[in-house]
Amino acid sequence: MALSGGILHAAWPFLFYPVTSFNVSLNEHLPYQKQPQAQAGIAERDITPPPGLPKFGYSAWAREADGFRTRLKARAFYLQGPDQAPLAIVQLDLGSGSLPLHHRVAELIEATGVTADRLSLLVTHTHSGPGQYLGSDFYNVFGSNRPGFDPALFEFLSQQIADAVIAAHANRKDARFATGQADLYGYTRNRSLEAWQNNFVTPPHSDAMQAVNPTMTMLRIDQREGDHFVPAGALSLYSIHGTAIPPFTAPYHADVWHWISQQLEQALVDRQPGFIHGAAQATHADNNPAWQEDLRGDKEAQRIGTALGNHAVQLFHQLEPELSPTLITKTASRQLDLLEQTDSARFGLCERAITGAAVVGAANGDEVFPISWLPYFQEGWPRRLFTDHCQGVKQWMLSKLQLLLPAQAFPHQALLQVIQINDLVLVPLPWEITLESGNRIREAVMETLPADRPWKVEVSSLANGYFGYAVTPQEYQHQYYEGGHTLYGPHTLDFLMAQSARLSQDMQQQDINDIPAEQHFRLRTRQYFPAPTDAPLPERTWVGKPRYHSDDGLAGAYWEAQLVAEPPEQLRLNSPLLAAHCEDQIITDESGTLQLLDTGETHSSGHRYQVRWFPAQGSNTGLCKLAVHLPANPVKVRLSAALQ
């Protein structure tokens, strides 16, 4: 009865949820204005949704969002070389890319001249952002703690991301560029060390802190201001899972990535106040944040993110002598249906996706009692018998009952890309790529590049979609979480290596746009994003007196105040809301030090929220007052009782 109930619960959305169908039309060629000089534009938009939405990444162990600790951002980088078509790369504080999201944004930014093949959405893979916008029923149902594709959230994200690209296009100026790399150890660890060691006849070491991708890759952009150039922005890639914030945590949070981006922005605030730093994933799949034991949470996310941010500051300054007006861009984009590939193009890829039981057991560091310790669900429990199927040693979740779920319900339309920016080559892929898998893809692409310059090649995980994991065949044999979550079997990496290398080789001859012009999506739907309402907004007011809370070791010491405002369904978290007005500065809710939490309680004049302010450790800001923006006029504020 328990098993039947569990199966019915899992199958319910696939059987009874309504289907949303929509089309996206993409232009292969768009008119663009040719420029005599290389140009770049950078812009940022807030993509934090309203409270109450399911969150992606921890699946059933996630919680609906009850507010925010750090805002979620879209940071767009618009690049156009002389006599070249424009290119847009967007960094997103989201758990995953999404094929329909990519295509919808491409449709919305038509006026910029950027076509779908020259647009790439890179993500941070934070596990504290919204779900329900992905391109497959499987992950819209099981990737979050609530099931279904949310059309309203999807359109909100699409519009905000597109607006960032449009603003970057409008802000374009003559620019200079530099690319570089630098290594940093000590803040990440390999969470599946034994699986990684299986790649070698004699493992080079047994140090989880060394079995990581330590390389930070950066593109620095300076824009013309009058007769000189000033820092305008930077795009960075680094390999670290967005899991410093643990499961069962409710607020939206960009995780370590907030502080990685912020640290460089703050370092340049005096030199260039509008500077934007976007940081996204490289090959992170088995590379976790190295949080201190029993201290996982906000403070550890800030400690690790700040250290990586300081590393970005150093790398940024090191690139100053390398700045050049030269900008050469090439792109190759190919959309493949994995269910329709010929045998010669599959390179051993399985005919359909199958989920391993190890996925339910969760990854190392995220175990849930008792499931993670049960046979079959436990990591390192490969199949010993009947391994002649394409999926090999994988223990199938629910065995052959999984075949009742149509192959089309799993992700199967994959967008693969290779992007050249001067001597930097990005390989955005919609898989979570392990350390060694990334090394092999990087080497395969490097072999296709001309030997006339020192190329920097980096793979970016989960760009433009979500297909689970990609591990090496040797890692797959151990059936840790990453191997169980490699949906298309032990030769997924062989497929990605071959297809990425082919794409890079084709790009040497000309730009490649193998994306169908007409796209059709059908997804099981449930809306969580609140519908617009004309109901009057109550006045935002403070109630009671602020209280001080000592440091609990996880989140830090903070002041707490009670705010009465509009109900959660009317609250728009992508607009300015909170601030701390101190004698020498104003601290906004962009800083990561101000938190809003829905208490679930009502007040005679509205809905009650808890506001927390976490003053920087050792800071001496003097007399401060908490402030809340009035919805009708964001310039005005109401001040609470003083904090000191």
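Preceding block: the structure.
None of these values were measured; they are calculated from a predicted model. (Residues numbered from 1 in each chain as written. Predicted model: local features only at pLDDT ≥ 70, side-chain atom pairs only at ≥ 80, totals over all residues. Heavy atoms only, no water.)

Asker: I'm lost on helix α4 (residues 151-170) in this one. Help?
Answerer: Along an α-helix, residues three or four apart share an orientation, since each turn contains 3.6 residues. Taking 1.5 Å of rise per residue, 20 residues should cover 28 Å, and α4 covers 28 Å from first to last C-alpha, within 8% of that figure. Sitting at the amino-terminal end of α4 is D150, which places a side-chain oxygen 3.0 Å from the backbone nitrogen of A152. (Helix = DSSP H or I, 4+ residues; strand = E, 2+ residues; numbered from the N terminus. Expected span 1.5 Å × (residues − 1). Polar contact = N/O pair within 3.5 Å; in protein donor to acceptor, adjacent residues only side chain to side chain.)

Asker: Please clarify how helix α2 (residues 99-108) should be interpreted in this entry.
Answerer: Of all 10 residues in α2, eight are buried; the element is thus mostly enclosed. Along α2, the residues that are buried comprise L99, P100, L101, H102, H103, R104, V105 and A106. Buried positions along α2 lie against β1 (19-25), β7 (119-123), α4, β15 (329-337), β16 (413-421) and β22 (518-524). Where α2 begins, one side-chain oxygen reaches toward the backbone nitrogen of L101, 3.2 Å away; that side chain belongs to S98. (Buried < 20%, exposed > 50% of the residue type's maximum accessible area, 1.4 Å probe, protein only. Contact = heavy atoms within 4.5 Å.)

Asker: Can you help me understand the sheet that holds strand β5 (residues 73-80) in this one?
Answerer: Strands pair in a sheet through their backbones, by hydrogen bonds, and they do so in one of two ways: parallel or antiparallel. Taken in spatial order, the eight strands of this open sheet run β7-β6-β5-β2-β9-β11-β12-β13, and their pairing is mixed. The open sheet terminates on both sides in strands that have one partner only, identified here as β7 and β13 (276-281). Strand after strand, the sheet turns through a mean of 25 degrees between neighbouring axes, direction not considered. Note that strand β6 (residues 87-92) and β7 share five bridges and pair parallel. Note on β7: the bridge partner recorded for Q91 is L122. Along the sheet, α4 contacts β2 (39-46), β5, β6 and β7; its crossing angle with β2, the most-contacted strand, is approximately 150 degrees. Contacts from helix α6 (residues 256-267) reach β2, β5, β11 (215-225), β12 (228-238) and β13 within the one sheet, and its direction differs from that of β13 by about 150 degrees. (Pairing = 2+ DSSP bridges. Axes fitted to C-alpha atoms, helices over the stretch in contact; angles between N-to-C directions.)

Asker: What exactly am I supposed to notice about the state of the cysteines here?
Answerer: One way to say it: the disulfide is the covalent bond shared by the sulfur atoms of two cysteines. Inspection of the entire model under this criterion finds two disulfides. Between the sulfur atoms of C350 and its disulfide partner C390 the distance amounts to 2.1 Å. Taking the sign of the S-S torsion, about -105 degrees here, the bridge from C350 to C390 comes out left-handed. One end of the pair, C350, is in the loop between α8 (343-346) and α9 (358-361); the other, C390, is in the loop between α9 and β16, and 40 residues separate them in sequence. Here C582 is linked by a disulfide to C624, with a sulfur-sulfur distance of 2.1 Å. Its S-S torsion of approximately 110 degrees makes the covalent link between C582 and C624 right-handed. Placement of C582 in strand β25 (residues 578-582) and of C624 in strand β29 (residues 624-630) is noted, with a sequence separation of 42 residues between them. Here the bonded cysteines of the protein are numbered in sequence order, and their pairing is 1-2, 3-4. (Disulfide = S-S within 2.5 Å.)

Asker: How should the side chain of S239 be read in this particular structure?
Answerer: Here S239 lies in the loop between β12 and α6. A polar contact is formed between the side chain of S239 and the side chain of N213, at a distance of 3.0 Å. Reaching out from S239, the side chain makes a polar contact with the backbone nitrogen of T283 at a distance of 2.9 Å.

Asker: Help me understand the sheet that holds β16 in this model?
Answerer: Taken in spatial order, the five strands line up as β19-β17-β16-β15-β21 in an open sheet, and their pairing is mixed. The outermost strands of the open sheet, each flanked by one partner alone, are β19 (456-460) and β21 (512-514). The sheet shows a mean angle of 15 degrees between the axes of neighbouring strands, taken without regard to direction. Strand direction decides the pairing type here: β15 and β21, joined by three bridges, are parallel.

Asker: Would you take a moment to explain unusual backbone geometry for this structure?
Answerer: Peptide bonds are trans in most cases, and residues, glycine excluded, mostly fall at negative phi. Residue P370 follows F369 across a cis peptide bond; omega there is -5 degrees. When you line up the elements, P370 lands in the loop between α9 and β16. Unusually for a residue other than glycine, Q132 sits at a positive phi of about 70 degrees. Tracing the backbone through its elements, the reader meets Q132 in the loop between β8 (129-130) and α3 (137-142). Since its relative accessible area comes to 2%, Q132 is described here as buried.

Asker: Looking at this structure, I do not really get the nonpolar core. What am I missing?
Answerer: A general feature of soluble globular proteins is that nonpolar side chains tend to end up buried together. By size, the foremost hydrophobic cluster in this structure holds 110 residues, and its most contacted members are I161 and L596. Among the elements that make up this core, the one with the highest residue count is α4 (10 residues). Those residues within four positions of L596 in sequence are excluded, and the remaining contacts are D66, G67, F68, L563, L571, L573, L577, L578, Y609, Q610 and V611. Residues A182, M218, L308 and L315 belong to the second largest nonpolar core, which totals 27 residues. (Core = buried A, V, L, I, M, F, W, Y, C linked by side-chain atoms within 4.5 Å.)

Asker: What's the story with the packing of α6 against helix α7 (residues 298-318) in this structure? I'm lost.
Answerer: For any two helices packed against each other, the geometry is given by the interaxial angle and the distance between the axes. For the pair α6 and α7, interaxial distance at closest approach is 7 Å and the crossing angle is 40 degrees. Looking at the two axes, α6 sits oblique to α7. In terms of crossing hand, the pair formed by α6 and α7 is right-handed. Contacts between α6 and α7 involve V256, W259, I260, Q263, L264 and A267 from the former and D298, A301, Q302, I304, G305, T306, L308, G309, N310, A312, V313 and F316 from the latter. For the contact of α6 with α7, the class distribution of residues is 11 nonpolar, six polar and one charged. (Parallel < 35°, antiparallel > 145°, perpendicular 65-115°, else oblique. Left-handed = near helix turned anticlockwise from the far one by under 90°. Nonpolar A, V, L, I, M, F, W, Y, C, P; charged D, E, K, R; others polar.)

Asker: So what exactly am I meant to see when it comes to the environment of G6 here?
Answerer: With respect to the helices and strands, G6 occurs in helix α1 (residues 2-16). With a relative accessible area of 40%, G6 lands in the partly exposed category. Here the alpha-carbon distance between G6 and L424, two residues 418 residues apart in the chain, equals 48 Å.

Asker: What am I meant to see in the packing of aromatic side chains here?
Answerer: In this description, a pair of aromatic rings is defined by centroid distance and the angle of the planes. By the definition in use, this model includes 22 aromatic pairs. For the pair W61 and F248, a centre-to-centre distance of 6.2 Å together with 50 degrees between the ring planes defines the contact as tilted. Of the two residues, W61 sits in the loop between β3 (55-56) and β4 (67-68) while F248 sits in the loop between β12 and α6, which places them 187 residues apart along the sequence. By relative accessible area, W61 is classed as partly exposed at 24%. With a centroid separation of 4.9 Å and an interplanar angle of 80 degrees, the aromatic rings of F138 and Y139 are classed as edge-to-face. In this structure Y139 comes out as buried when scored by relative accessible area, which is 4%. (Phe/Tyr/Trp six-rings, centres within 6.5 Å; stacked < 30°, edge-to-face > 60°.)

Asker: Hey, could you run me through the layout of surface pockets in this one?
Answerer: Rolled over the atoms, a probe sized like a water molecule indicates the empty space that remains. Roughly 1200 Å³ of volume is contained in the second largest pocket. Counting only elements with at least two residues in the lining of the second largest pocket, the list comes to β5, α6, α7, β24 (558-565) and β26 (586-588). At six residues, α6 tops the list of elements feeding residues into the lining of the second largest pocket. For the lining of the second largest pocket, the residue count by class is 17 nonpolar, 14 polar and 12 charged. (1 Å grid on protein atoms, 1.4 Å probe; cavity = no way out; pocket = protein on both sides within 12 Å on 5 of 7 lines; lining within 4 Å. Points joined across faces, edges and corners; volume = space filled by probe spheres on them.)

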